[in-house]
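Spelled out, the chains give:
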Amino acid sequence: MRGTRRSPGHPVVTRNEEQRGMRGFNETERGRPVTGKTVMSSRVVMAQQMNPQDANPAGNVHGGVIMKLIDTAAGAVAARHARTNVVTASIDRLDFHNPVFVGDMVTLKAGLNMVGQSSMEVGVRVESENLLSGEIRHTASAYLTFVALDGTGRPVPVPPLILEKDVEVRRNREAQARRAARLHEKRMEREAQHGEEAP
């Protein structure tokens, strides 16, 4: 399996952590522990009922309100994993599938998909429930990248991510593909900018 290493009877350790030079779970890196943490150890489930002040004139909840909740839930996941300050670096993708209405209960399920040297990708699934009918709709999905910072605002290493389930391995593999696509896009943008500057 590309990007992961599986040993019989042991959890999966992501290759991006191996490339960081992780030789043992009890070592330290730049003064910070590198003890691996599981996805479940930082997972967050958050629920909030939507009120009239959250809505636009059409009666739908503002997309910005949902975006703020997504950022809050994802940031909590990143902070629980890193146990330090984290900042939002990017939102790789945010898809809205169904509207949310006043009175709906919005539930956000957020968990880590991948960690790098100091960055972390968090996936968030948003569901809305009509409390009268019980109908549950998939409202939105998003992938956010956070960076862990020390007290001076400099990036710091984060603990490795231990993958225990097949679904976690799949999400990690997909996250690595998204990261590769982002890096390729940035490289193409730089090359295009340099081409425009050339005489």
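Above this text is the structure in question.
Just so it is clear, the structure is predicted and the values come from calculations on it, not from any experiment. Residue numbers restart at each chain and count upward from 1, following the sequence in its written direction. Side-chain atom pairs in this predicted model are given and counted only at pLDDT of 80 or more, local residue features only at pLDDT of at least 70, and totals for whole chains, interfaces and linings cover all residues. Values reported for side chains reflect all heavy atoms of the structure, with hydrogen atoms and water molecules removed beforehand.

## Some points on the overall build of the protein
Okay, step 1: Secondary structure elements follow DSSP: runs of H or I of four or more residues count as helices, runs of E of two or more count as strands, with numbering from the N terminus. Within the protein one finds 3 helices and 11 strands.
Okay, step 2: The linear arrangement of helices and strands in the protein, starting from the amino end, is β-β-α-β-β-β-β-α-β-β-β-β-β-α.
Okay, step 3: The proportion of buried residues among the 199 residues of the protein is 39%. For every residue, the accessible area obtained with a 1.4 Å probe (protein chains only) is divided by the maximum for its type, and the residue is called buried under 20%, exposed over 50%, and partly exposed between those limits.

## With respect to the pattern of salt bridges
Okay, step 1: Every case where a carboxyl oxygen of Asp or Glu lies within 4 Å of a side-chain nitrogen of Lys or Arg is listed as a salt bridge. The final tally for this structure, using the stated rule, is 8 salt bridges.
Okay, step 2: Residues E127 and R125 are paired through a salt bridge, measuring 2.9 Å at the closest nitrogen-oxygen approach.
Okay, step 3: The exposure class assigned to R125 is partly exposed, which follows from its relative accessible area of 36%.
Okay, step 4: For R170, the salt bridge goes to E174, with nearest N and O atoms at 3.1 Å. Linking R170 with E174, this pair stays in helix 3 (residues 166-197), spanning 4 residues, or about one helical turn.
Okay, step 5: Classification of R170 as partly exposed rests on a relative accessible area of 34%.
Okay, step 6: What emerges from the salt-bridge pattern is a single network uniting D104, E135 and R137.

## Describing unusual backbone geometry
Okay, step 1: One non-glycine residue with positive phi stands out, namely R83, at about 55°.
Okay, step 2: By secondary structure assignment, the location of R83 is in the loop between helix 2 (63-82) and strand 7 (85-96).
Okay, step 3: Residue classification places R83 among the exposed positions, given a relative accessible area of 59%.

## Describing the packing of aromatic side chains
Okay, step 1: Two rings belonging to Phe, Tyr or Trp (six-membered ring only in the last case) form a pair when the distance between their centres is within 6.5 Å. Interplanar angles under 30 degrees mark stacking, angles over 60 mark edge-to-face geometry, and anything in between is tilted. Enumeration over the complete set of coordinates arrives at 0 aromatic pairs.
Okay, step 2: Whether a charge sits over a ring depends on NZ of Lys or CZ of Arg being within 6 Å of the ring centre and within 35 degrees of the ring normal. In this structure, R178 packs its charged tip against the face of Y143, placed 3.6 Å from the ring centre.

## Some points on the side chain of H81
Okay, step 1: Structurally, the position occupied by H81 is in helix 2.
Okay, step 2: Classification of H81 by relative accessible area gives buried; the value is 0%.
Okay, step 3: Each polar contact in these results corresponds to two N or O atoms within 3.5 Å; when the atoms are within protein, one needs to be able to donate a hydrogen and the other to accept it, and residues that are neighboring in sequence are counted only if both atoms are side-chain atoms. Within the local environment of H81, its side chain forms a polar contact with the backbone oxygen of P159, the two atoms lying 2.8 Å apart.
Okay, step 4: Contact criterion: two residues are considered in contact whenever any of their non-hydrogen atoms come within 4.5 Å of each other. Beyond its immediate chain neighbours, meaning those up to four positions away, H81 contacts K37, S42, L112, V115, M120, V158, P159, P160 and L161.

## Concerning the nonpolar core
Okay, step 1: The nonpolar core is taken to be a set of buried Ala, Val, Leu, Ile, Met, Phe, Trp, Tyr and Cys residues, with the residues joined through side-chain atoms within 4.5 Å. Counting residues in each nonpolar core, the largest one holds 32 residues, and the members touching the most others are I70, V106, L108, M120, V122, V124 and V126.
Okay, step 2: Put simply, the parts of the chain that give this core at least two residues each are helix 2, strand 8 (105-115), strand 9 (119-129), strand 10 (136-149) and strand 11 (161-163).
Okay, step 3: For this core, the element with the most residues is helix 2, which contributes 8 residues.
Okay, step 4: Excluding its chain neighbours within four sequence positions, the residues that come into contact with V122 are A74, V77, A78, A110, G111, L112, N113, A142, Y143, L144 and F146.

## Some remarks on a positive patch on the surface
Okay, step 1: The patches reported here contain residues having more than 30% relative accessible area and no salt bridge. Joining distances are 9 Å for like charges and 5 Å for nonpolar side chains (Val, Leu, Ile, Met, Phe, Trp, Tyr). For the accessible areas, the method is Shrake-Rupley and the probe is 1.4 Å, while residue cover comes only from the protein chains on display. Positive charges come from Lys and Arg, negative ones from Asp and Glu, while His and the chain ends are left out of the count. Working definition for charges: the position is that of NZ of Lys, CZ of Arg, CG of Asp or CD of Glu. On the surface, R179, K186, R187 and R190 cluster together into a positively charged patch.
Okay, step 2: Inspection of the secondary structure puts R179 in helix 3.

## Quick look at the sheet that holds strand 8
Okay, step 1: Whether two strands pair comes down to DSSP finding at least two bridges between them. With antiparallel pairing, the 5 strands of this open sheet are ordered in space as 6-8-9-10-7. In this open sheet, the two edge strands, each paired with only one partner strand, are strand 6 (44-49) and strand 7. Across the sheet, the mean angle from the axis of one strand to that of its neighbour is 25°, orientation sign disregarded.
Okay, step 2: For strand 7 and strand 10, the ladder comprises 10 bridges, and the chain directions are antiparallel. When the bridges of strand 10 are listed, I91 appears paired with L144.
Okay, step 3: Inter-axis angles, ranging from 0 to 180 degrees, are taken between N-to-C directions of lines fitted to C-alpha atoms, where helices are fitted over the stretch in contact. Against the sheet, helix 2 contacts strand 6, strand 7, strand 8, strand 9 and strand 10, and its axis sits at roughly 45° relative to strand 8.

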